[in-house]
Every structure is written in C-alpha cells, then in structure tokens.
Amino acid sequence: MRDNFLTRTWNWIDNRIGFSDYIVPLMVHLVPDNARWWYIFGSATLCAFVVQVLTGISLAMSYVPGGENTYESLVYITNTAPLGSLVRGMHYYGASAMVMLAVIHMVQVYMHATYKYPREMNWMSGVVLLFVVLGMAFTGQLLRWDANGVWSVTVAAEMAGRTPIIGPTLAHFILGGETVGGSTITRFFAMHVFIMPALIFAGIGLHMLLIMRHGISEMPDVNEPVDPETYKEEYEKRIHKTGVPFWPDAMWRDMIFSTIIVVVILGCSLFLGPPALDPPPNPSSINANPLPDWYFLWYFAVLSLLPPQLETWVILGVPVLGFLGLFFLPMISNKGHRAPSKRPWAGFTVIFGFVAFLVLTIYGYKKPWSPDFGVKELPASIVGTDQGPLAEGAKLMHIKGCLYCHDIGGYGGHRGPELTEIGKLLTRDDLIIRINNGGHNMPAFASSISDQELQLIVDFLLTRGVMHEDNSETTSTP
Amino acid sequence: MNTEQPQSDQPCCQQQQRRTFLTRLSVGLSALIGLIITLPGIGFVLAPVFRKPKQQWRTVGKLEDFKEGGFVLVQYEDPSPVVWSGVTAKAGAWIRRISDSEFIAFSINCRHLGCPVRWVEDPRLFMCPCHGGVYYEDGTVAAGPPPEPLDRLQVRVRDGKVEIETAPTPLTLTKLT
Ligand code: FES
C-alpha cells in the first residue's frame, strides 16, 4: 500500500519533470569498458569543486569582506566558531586537491591525446576551466586577508603594472585604487565568490555537454590512429558492441576515488588544520615574508632567477602564452596517433614540466636568493676562537649583514657565494676591493664600513678554509 | 519538445519578412537590456581606476622625535580611506633626518615587485625579503632585480611637526621604446 503510494508519487513527479526521459539516458550512456581507473580524475575534480562550494558557502556566512574586520572574522572562524577551523581547513585542502586533480586530469588527457578529433572543444573548455581554477586559488589565497595577503595583492598589482600602456590602469583596477586599502579585498571577494564560480559552473556545464555529445574516448590503441573522416562512425560501432553503461558499471570507480579524496581533505583539515594566519593586513608593516601558496611557488622562483632584461616579458608572457599554447593545442594536431608510445615527445614534455615544477617549487620554498634576516652570529666552534681580533671580525660579519647573504660553515644566507673556504681562493687585496666596491649582485660597502672594521673582517675571512687545515696540521703534529 | 512549425495562411515571403523583423527586434532588445544592466555596474567597478584622489600631507611625528642618523619607519593614513578600511588604510615610509630641517623619505615598496623593504642599520642598506633586492641609503639600487631606485616621498616640517605627502604605490612601468 505504502509502496504503491510512493511509486505513484514518484511516477507523478517523474512524469512532470522528465527524470527518466532526460537524466536516466545521460546516466546510462555507454562508455568504453577498457578505460577503468584512468578516467577517475575528472569526476574527482568535480567532487573537489563541490567540497569548495559547500565549505565556501559555510565560510561566507561568517566571513566579513571589508578592511580590518576581515582579519577579525578570520580569527573568529579559526579560533572561536564551532567547527570553523575544520571548515576553513577543508576549504584550503579542497582548493589544493582541486588544483592538483585538475592538472592530473589534464595530463592524463594530454598523454592519451584525447583532445584530438572530435573532442577539441572538450579540451579547450577544460583549459579555460583550469585557468579559472587557478584564478580561484589565487583570489582565495588573498581572501586569507593577513599580511601575506596584502603583499601578495601588491605583487600581483605590480606584475599587472608592467603591462605596456595599460599597466597602471590594470594595477589600480586590482587594488581598487592607487594603494591597497579597504576597497581591495571586497573586489577579490566578488571575484572569488560570484564571478569565478559562475564561470566554473558554466564551464563544467559545457564540458559535460561536450562529453555527452562526443562520448567518452577509448583508451589509445596504436593500431587505431584518429582519422576524422571515419572516426565517429567507427567509435559508434565499437561503443555499441563493447561499451558498458556509465551508471553503474563505470561510475563506481569514480565514487571510490572521490570518497578517498573527500576523506583525505577531511583528514588533512582534522590533523594538519587550516593554514596559520600571519599578522593583520597592515600595508605599512614591514615584518612580512610574502610567499605564495604552494601552487605558485614555482612562478615565484622563476621571477627570482630570471635575468632582469627578460623579466617583464616572462611575467606577462608566461600566463598569456601558457594559456594560448594549451588552448590551441588541438588545433596544432587533431588527428593521427593517440598512443603515448607513438608520441614520445608528449612524455618528455610531461616529465620535463613535472621536474621543472618540482625543482622550482623547492627553490621557491627555500628562497636562496633572499637575504636571511634571522641569521645567528657565528659560534666560536666555527670562528675557531671566542676572543681577539678574529672573534671581532666574525662578529662584524654578522653586524654588517654579510651573513644575510653569505654562508660560513652552515651559518648564513645563500644569496651570495659561500665563504667557508674563501681564505684559499682570494687574496687580501681581492677581498678589500670586493668589499669596498661590491660586484656582481653585491653592494659596495666602502661608505658604511671603517678602515679598521674592514681590516678585521678581511683578517677573519683570510682564515676561512686555511685555519681549519692549520688546526688539523697542529693537532696531527705531536 | 514541440518544434514543428505552425501552418500559416500568409504568403511565405511575407511571413519570412515578419520573422526576420521579429528576430532582429528580439536580438536588438536583448542587447539594449544587456547594456542597461551592465553599463552602470561596469562604471561602478571601474570608477576607482579613474578616480585620482588628491594627495594629502600627513603628520608622522614631532620634529624633536627624529634624531639625525638612520632611517625610521613611519605609518600614516592613505589619502582616500573608506570608512571600513581600518588598518588596511595605512601606508608606510622610511624617513631619515639628515640635518636640522632636512629629511629624506622613501616609500617602503621595493621597485621590483612591491614587497616591503627593510632598513638594516649597520651596513646602511635597504633589503627586500622577496627576491633579494638591495638599495643604498640614497635609494639607489645596490644589488638584485629592482630596475629602479626607491620612490622618494616629499617631506616638510610645519609648526614643529614632520609631514609626509601621500603617494600612490610606486609602479615600475614598461616603456615601449
Ligand atoms: S620585490 Fe623586492 S626584490 Fe622582488
């Protein structure tokens, strides 16, 4: 009786909304049976997006997008609001997951050359989505409106400011004025919460529509290169012979992987917590150490390592050319082999890209080009003594900031060459000239150092690498 | 979906003209609606780009508070704070008293990509924490990637008070020559 009532109610609803007519055919559309675990990344990206939407809406209930109160609301969400820290953490790790999965999905599609005929637009819409997701990641980092947020937006405005002719207009558009201020964060809030999610929803809609239109591609086969003349017909024939319904024959794999992703996001948030807040967003505070979130560290490293003449062109060129190159990839080659074994350069490109990303990210994290403001004085074990002129020279190395950039025995920054063995390499005159006049990427110290201080420093440096050997000689000679 | 065309008694070209007209009308009106909806919004969003706030003189301390010697950090309010800005409306400068009445001040923004430079007293250098930019005490570049010297700010002394003139965040521009 009850069953009957439920069935009748459902039938009524189904009849009116057309679930069986419109949605069921989409769910059971035929997909190749050989793809198995390769195709789980796209749906997992979508799942991460759902995490972002839900946690984002929750955060927006308490987040105050305006000036100083923004920071206070973040502190409230993190420290006071029930489950606030958990939700903020999930939003943070969800963002990382979404960026990572979107890239993995794209690499998989690239390696299998799924972007070839007739799925060129699937790829193009995916590239647009990827860039919007990166935009979300960047604006999201800024919504964590602390000292790091203020300086990240300043750096972004300065980068945009390098654009010829319209640079200042772009920079002032980003800042919401001529300086960072109360109007800055509200702009990014609108972009992060309204504009970009709307673009992502629209992009996902188009992406899905195209998947339905052209079908899920099969695994690449060396014996079946893509020929636009015959591809569609043959695909239809094959899929009707060997395909399986997406629901439930293929979808369970997506569900298992998505479950893992959601559990990992939750676990990270529970055990690692949301990223710590820096000091408040005061644009006049100099005690900041601006660093982008991990997905942009590689770009940060690139900007530090480039020769200055190239810099502006890379700042502006990497995003634009990167987008255009990826977007138009299917236009360069939309037929022929899909199998990775027949496209070795594709594998090299991915490996090269991955290694470059990894190396640059590590570099960006270590920041060897930055002065190390927190460096400690050289200990007596390194100096060789704790009194007399040598110890004074070593002390001056710290006071005069030499150690910010030069490492001696593991103490000091890495901006300039290591000086642990410098006594073996340079003479007294060389050292004096170098310190007084400066040199490649080193300031001249002539005006900020007295003759006596210079002598003490040089005397100390001349013992580096030399004294150690002397010591060992002394100890080995009875 | 029903996409069948209704039969009509009108002669075919007359009907065709009518359809062309109605298509154009709908497209035209859609464009008009679009303009009416978006233009005020676009103007609103772009306004801060074109509004050039009048720069202001801000007091940063009493004359006797500044001793001759190294640079000190001062904070003041930017020229056009909105009421909810709070601490985000602050701007910073490095200022040094050179003589009795003479001062020199620099914006704290590095000319490479805008990070906040720090004055390091003993070597008498400004250092940037981002990509290793270094400047001498006169603001000229000593090392690293900054393409230009630190931005000078105007300072004056009025009624025993030291004042700095606010300025936009200095941008390093690309000249096409
Ligand atoms: S922002 Fe100062 S060196 Fe790059």
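None of these values were measured; they are calculated from a predicted model.

K.L.:
Quick rundown of the nonpolar core? Include the residues and the values.
P.N.:
A:Tyr63, A:Val153, B:Trp94, B:Val117 and B:Phe126 are the most contacted members of the largest nonpolar core, which has 46 residues in total. At the level of secondary structure, the elements contributing two or more residues to this core comprise α4 (67-79), α6 (120-143), α7 (147-161), α8 (167-175), α9 (182-214), α12 (297-305) and α13 (308-327) of chain A together with β4 (103-107) of chain B. Counting residues per element, this core draws most heavily on α7(A), at 8 residues. B:Trp94 has contacts with A:Ile286, B:Phe71, B:Val72, B:Leu73, B:Ile104, B:Ala105, B:Phe106, B:Ile108, B:Val117, B:Arg118, B:Trp119 and B:Phe126, leaving out every residue within four places of it along the chain. With 31 residues, the next largest nonpolar core counts A:Ile408, A:Leu431, A:Leu456 and A:Val458 among its residues.

K.L.:
For the packing of helix α5 (residues 84-111) of chain A against helix α15 (residues 344-366) of chain A, give the residues involved together with the corresponding values.
P.N.:
Residues and elements named next belong to chain A. Relative orientation of the contacting elements α5 and α15 amounts to 160°, with a least axis distance of 10 Å. Overall, the two elements α5 and α15 adopt an arrangement that is roughly antiparallel. Between α5 and α15 the crossing geometry is left-handed. In this structure, α5 contributes Val107, Tyr110 and Met111 to the contact, and α15 contributes Trp345, Ala346, Gly347, Thr349 and Val350. Split by residue class, the contact of α5 with α15 holds 6 nonpolar, 2 polar and no charged.

K.L.:
Quick rundown of the sheet that holds strand β5 (residues 118-120) of chain B? Include the residues and the values.
P.N.:
Residue and element names in this part refer to chain B. Sheet architecture is open: 4 strands sit in the order β5-β6-β7-β8, paired in antiparallel fashion. Each end of this open sheet is capped by a strand with a single partner; those strands are β5 and β8 (141-143). Here the strands of the sheet are splayed against their neighbours by 35° on average, with no regard to which way each runs. Where β5 lies against strand β6 (residues 125-127), 3 bridges are found, and the strand directions are antiparallel. Paired with Trp119 across the strands is Phe126, a residue of β6.

K.L.:
Describe the domain arrangement of chain A, naming the residues involved and giving the relevant values.
P.N.:
Residues and elements named next belong to chain A. Along its sequence, chain A is organised into domain 1 (1-31), domain 2 (33-366) and domain 3 (380-474). A straight line from the C-alpha centre of domain 1 to that of domain 2 covers 36 Å. Between domain 1 and domain 2, the residue contacts involve 6 residues of the former and 11 residues of the latter. Taken together, both faces of the contact between domain 1 and domain 2 bury some 890 Å²; the carbon and sulfur share is 75%. Among the residues domain 1 hides against domain 2, the three largest losses belong to His29, Leu30 and Val31. Together they make up 69% of the total. At the junction of domain 1 and domain 2, the tally comes to 0 salt bridges. Applying the counting criterion to the domain 1 and domain 2 interface returns 4 residue pairs in polar contact (both at pLDDT 80 or more). Going through the elements one at a time, α2 (19-27) and β1 (30-31) are the ones with two or more residues in the side of domain 1 that touches domain 2. A breakdown of the residues in the side of domain 1 that touches domain 2 according to their chemical character gives 5 nonpolar, 1 polar and no charged.

K.L.:
Can you explain the packing of α12(A) against α15(A)? Please cite residues and give values.
P.N.:
Residues and elements named next belong to chain A. Direction vectors running N to C along α12 and α15 enclose 75°, while the axes themselves pass 7 Å from each other. Of the possible angle classes, the one that applies to α12 and α15 is roughly perpendicular. Of α15, the residues touching α12 (which contributes Leu297, Trp298, Phe300, Ala301, Val302 and Leu305) are Phe357, Leu360, Thr361, Tyr363, Gly364 and Tyr365. Per-class residue counts for the contact of α12 with α15 are 10 nonpolar, 2 polar and no charged.

K.L.:
Go over α15(A), please, and point to the residues and values.
P.N.:
All names here are of chain A. When the terminal C-alpha atoms of α15 are compared, their 33 Å separation across 23 residues agrees well with the 33 Å that a helix rising 1.5 Å per residue should span. Those residues of α15 that fall on the buried side of the exposure criterion are Ala346, Gly347, Leu360, Thr361 and Gly364. Buried-residue contacts for α15 involve α5 and α12. Looking one or two residues beyond α15, the residue adopting positive phi is Lys367, at roughly 50°.

K.L.:
I'd like a description of the packing of aromatic side chains, backed by residues and values.
P.N.:
Residue and element names in this part refer to chain A. In total, this model carries 28 aromatic pairs over all chains according to the counting rule given. Ring-pair connections join several aromatic residues into one group, and the members of that group are Phe138, Trp294, Tyr295, Phe296 and Phe357. Cation over ring: Arg187 sits above Phe173, and NZ or CZ is 4.8 Å from the ring centre. If you follow Arg253 out to its NZ or CZ, it ends over the ring of Trp37, 5.7 Å from the centre.

K.L.:
Tell me what's going on with the sheet that holds β4(B), and back it up with residues and numbers.
P.N.:
Residues and elements named next belong to chain B. An order of β2-β3-β4-β9 is seen for the 4 strands of this open sheet, with the pairing classed as antiparallel. The sheet terminates laterally at β2 (72-77) and β9 (152-153), the two strands that pair on one side only. Here 2 bridges tie β4 to β9, and the two strands are oriented antiparallel to one another. Bridge pairing links Ala105 to Leu153 in β9.

K.L.:
Describe in detail the domain arrangement of chain B, supporting the description with residues and values.
P.N.:
What the domain assignment lists for chain B is domain 1 (11-51) and domain 2 (57-165). Distance from the C-alpha centre of domain 1 of chain B to the C-alpha centre of domain 2 of chain B: 51 Å.

K.L.:
I'd like to hear about the interface of chain A and chain B, residue by residue, with values.
P.N.:
Contacts between chain A and chain B engage 62 residues on the former and 57 residues on the latter. Taken over both partners, the interface formed by chain A and chain B buries close to 5,000 Å², and the fraction arising from carbon and sulfur atoms is 62%. On the chain A side of the interface with chain B, the three residues burying the most area are A:Glu158, A:Glu178 and A:Ile286, jointly 15% of the side's total. At the boundary of chain A with chain B, the tally comes to 2 salt bridges. Those elements that provide at least two residues to the side of chain A that touches chain B are α4, α7, α8, α9, α12 and α13 of chain A.

K.L.:
Tell me about empty space enclosed by the protein, and please be specific about residues and values.
P.N.:
For the coordinates displayed, the defined rule picks out 1 cavity of 30 Å³ or more. Counted as a void, the largest cavity has a volume near 200 Å³. In terms of lining residues, the largest cavity is bounded by 20 residues, among which A:Thr179, B:Ala91, B:Gly92, B:Asn109 and B:Thr169 are the most central. If you list the elements that add at least two residues to the lining of the largest cavity, you get α7 of chain A together with β3 (90-97) of chain B. Of the residues that constitute the lining of the largest cavity, the class distribution is 11 nonpolar, 6 polar and 3 charged.

How each quantity is defined
Residues numbered from 1 in each chain as written. Chains lettered and ligands numbered in written order. Predicted model: local features only at pLDDT ≥ 70, side-chain atom pairs only at ≥ 80, totals over all residues. Heavy atoms only, no water. Core = buried A, V, L, I, M, F, W, Y, C linked by side-chain atoms within 4.5 Å. Buried < 20%, exposed > 50% of the residue type's maximum accessible area, 1.4 Å probe, protein only. Helix = DSSP H or I, 4+ residues; strand = E, 2+ residues; numbered from the N terminus. Contact = heavy atoms within 4.5 Å. Axes fitted to C-alpha atoms, helices over the stretch in contact; angles between N-to-C directions. Parallel < 35°, antiparallel > 145°, perpendicular 65-115°, else oblique. Left-handed = near helix turned anticlockwise from the far one by under 90°. Nonpolar A, V, L, I, M, F, W, Y, C, P; charged D, E, K, R; others polar. Pairing = 2+ DSSP bridges. Domains from an automatic or database assignment. Buried area = accessible area lost by both parts, 1.4 Å probe. Salt bridge = Lys/Arg side-chain N within 4 Å of Asp/Glu carboxyl O. Polar contact = N/O pair within 3.5 Å; in protein donor to acceptor, adjacent residues only side chain to side chain. Expected span 1.5 Å × (residues − 1). Phe/Tyr/Trp six-rings, centres within 6.5 Å; stacked < 30°, edge-to-face > 60°. Lys NZ or Arg CZ within 6 Å of the ring centre and 35° of its normal. 1 Å grid on protein atoms, 1.4 Å probe; cavity = no way out; pocket = protein on both sides within 12 Å on 5 of 7 lines; lining within 4 Å. Points joined across faces, edges and corners; volume = space filled by probe spheres on them.

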